[in-house]
Amino acid sequence: MADLDLLTHSLARNVKRWRAERGFTLEALAARAGVSRGMLIQIEQARTNPSLGTVVKIGDALGVSITTLLDWKQGPTVRVVPAEQAVRLWHTDAGSFSRLLAGVEAPGPLEMWEWRLMPGDSSPSDPHPTGTVELVHVTAGELTLTVDGTAHRVPTGASASFPSDTPHTYGNEGDGPMDMIMAVSVPPVR
């Protein structure tokens, strides 16, 4: 099975599983996630490849990480993710991208990402659930991190932490690529 097909089927199985475990109807999950009931049906039937934003919204509504939604098998206690199995979920023609490197449920979703933004590129994010926090560490270039309308410069070698339950944007206003590692911690669904 091709990688995209494997991810589509894994997403379908895991959304169904977690929706049932949480006791959510299609309508309830659609309302919590801000996506249509029809989109959820297509996802659960493995008939669509939703956008990264849609997968994030569904994961946030279910209180699970993207890694959990895309995981095609239950792994051992220690799980090594080979470089070639990191999932690229977002990219631009200019060469910007984000890759989900690893994630766990501890006690809520905890994810680690690799990001590259090419000069002039940016990626806005809707607010995550209340209590979500992010950590970023810039390994090349300079990140322009805008949180709730205020821009913050994060140069190479520097790190930042912020509550991501408010609108935020990752941007590169520099002349070269900006690379960073990001961790996202979402509180468990109550």
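Now for a description of the structure that goes with this document. (Residues numbered from 1 in each chain as written. Predicted model: local features only at pLDDT ≥ 70, side-chain atom pairs only at ≥ 80, totals over all residues. Heavy atoms only, no water.)

With that settled, the discussion passes to helix H2 (residues 26-33). Given 3.6 residues per turn, any residue in an α-helix points the same way as the ones three and four places further on. Along H2, the residues that are buried comprise Leu-26, Leu-29, Ala-30 and Ala-33. Buried residues in H2, looked at end-on, bunch into an arc of 100 degrees, giving them a common side. (Buried < 20%, exposed > 50% of the residue type's maximum accessible area, 1.4 Å probe, protein only. Helix = DSSP H or I, 4+ residues; strand = E, 2+ residues; numbered from the N terminus. Arc of directions from axis to C-beta.)

Turning our eyes to something else, we now look at helix H3 (residues 37-44). Buried within H3 we find Leu-40, Ile-43 and Glu-44. Seen along its axis, H3 keeps its buried residues to an arc of 90 degrees; they face one direction. At the exit of H3 stands Ala-46, carrying a positive phi of roughly 55 degrees.

Here we take up the environment of Pro-187. Along the chain, the position of Pro-187 falls in the segment after strand E10 (178-185). The partly exposed category is assigned to Pro-187, whose relative accessible area is 24%. Along the chain, Pro-187 and Asp-60 lie 127 residues apart, while their C-alpha atoms are 9.2 Å from each other. The residues contacting Pro-187, other than those within four sequence positions of it, are Gly-108, Pro-109, Thr-130, Gly-131 and Thr-132. (Contact = heavy atoms within 4.5 Å.)

Right, let's get into the packing of aromatic side chains. Taken as a whole and judged by the stated rule, the model has one aromatic pair. Their ring planes at 50 degrees and their centres at 5.0 Å tell us that Trp-115 and Tyr-170 sit as a pair that is tilted. Highlighted residues: Trp-115 in strand E3 (residues 109-117) and Tyr-170 in strand E9 (residues 168-171), separated in sequence by 55 residues. Tyr-170 matches Trp-115 in its accessibility class, with the two residues each being buried. (Phe/Tyr/Trp six-rings, centres within 6.5 Å; stacked < 30°, edge-to-face > 60°.)

Function cannot be read off these values alone, since they describe shape.
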